[in-house]
Amino acid sequence: IAHGARVSLMVGFCAAMIGLLIGATVGALAGYFGGAVADALVRLTELFQTIPALLLVIVILAIGNPSVPLIVFSIGVASWPMIARLTRSQFMTLRDADFVMAARGLGYGTPRIILFEIFPNALPTIVVATSVLVANGILVEAGLSFLNLGDPNQVSWGSLIGSGRTMLRSE
C-alpha cells in the first residue's frame, strides 16, 4: 500500500500543479483584462467544463500510450476549469482595489500588477481549491488504474484494488 501511494500521490500533486498553472493563467487574464479577452477565455473554460473530466482523460489515454506522465498531463488538462473560474472571480474583485490603483499610479506594468500585486492576494483561496484538485487527481488515477487504464508498469492504489477484485468473491 505504501509503495502504491508513491505513484498515486505523485500523480495527484503533479496533475494539480498542471491544472493550477493553466487555470490560474486563464483566470488571471480573464479577470484582469475583462472585455473580449474575458469572453473568449470564459467560453474556453465553459467548453472544458461541459466535457466530463473522466471521459476526457480516457480519450487522451486512448490516443497515447498510458504512462504516468501522460496520466498526469491528461488529469491536469481536465481539471483546470474550476481554478480558472475561481481565479477570475478573485481577480475581478481585486483589480479595482486601492493597492492596485496605487500600483498603476506608481507606473507598474500589467505583468507586475498581475503577478506581484493581485495574485498574492488571491492566492489563499486558490491554494484551498488546489487541495481539492489533488484529491480529485488521486481519485481519477485510482479509478483509471482500477479499470486497467493506468500505467501497467507502476503499482498504484487503483491497481492494487483492481488486482484484489477476484478475492472479493472467494470465501
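Please refer to the structure placed before this passage.
Residues numbered from 1 in each chain as written. Predicted model: local features only at pLDDT ≥ 70, side-chain atom pairs only at ≥ 80, totals over all residues. Heavy atoms only, no water.

A. How the structure looks around unusual backbone geometry. Non-glycine residue Asn 148 carries a positive phi angle of around 65°. Note that Asn 148 resides in the loop between helix H6 (110-146) and helix H7 (157-163). Using a relative accessible area of 64% as the deciding quantity, one classes Asn 148 as exposed. (Helix = DSSP H or I, 4+ residues; strand = E, 2+ residues; numbered from the N terminus. Buried < 20%, exposed > 50% of the residue type's maximum accessible area, 1.4 Å probe, protein only.)

B. Structural context of the pattern of salt bridges. Applying the stated criterion to the full structure yields one salt bridge. Among the salt bridges present, the one from Arg 43 reaches Glu 46, with a minimum N-O distance of 3.2 Å. Of this pair, Arg 43 and Glu 46 are both found in helix H2 (residues 35-50), three residues apart, which corresponds to roughly one turn of the helix. Residue class for Glu 46 comes out partly exposed when judged on its relative accessible area of 32%. (Salt bridge = Lys/Arg side-chain N within 4 Å of Asp/Glu carboxyl O.)

C. Representation of a nonpolar patch on the surface. Side chains of Ile 1, Val 155 and Leu 160 sit close together on the surface and give an oily, nonpolar patch of about 280 Å² of accessible area. Its place among the elements puts Val 155 in the loop between H6 and H7. Looking at Val 155, the relative accessible area reads 33%, which means it is partly exposed. (Patch = residues over 30% accessible without salt bridge, like charges linked within 9 Å, V, L, I, M, F, W, Y side chains within 5 Å. Areas by Shrake-Rupley, 256 points an atom, 1.4 Å probe, with all protein chains shown as cover.)

D. Structural view of the environment of Ala 15. Relative to the elements of secondary structure, Ala 15 occurs in helix H1 (residues 2-33). Residue class for Ala 15 comes out buried when judged on its relative accessible area of 1%. C-alpha of Ala 15 to C-alpha of Asn 136: the two residues are 121 residues apart in sequence and 9.4 Å apart in space.

E. Molecular detail of the packing of aromatic side chains. In the structure shown here, the tally under the stated rule is two aromatic pairs. Relative to Phe 33, the ring of Tyr 32 lies with its centre 5.2 Å away and its plane at 85°, an arrangement referred to as edge-to-face. Residue Tyr 32 is classed as buried on the basis of its relative accessible area, which comes to 10%. When the centroid spacing of 5.2 Å and the interplanar angle of 55° are considered together, the rings of Phe 48 and Trp 80 count as tilted. One end of the pair, Phe 48, is in helix H2; the other, Trp 80, is in helix H4 (residues 68-94), with 32 residues separating them in the sequence. Its end group placed over the ring of Tyr 108, Arg 112 keeps NZ or CZ at 3.9 Å from the ring centre. (Phe/Tyr/Trp six-rings, centres within 6.5 Å; stacked < 30°, edge-to-face > 60°. Lys NZ or Arg CZ within 6 Å of the ring centre and 35° of its normal.)

Geometric values such as these leave the question of function open.
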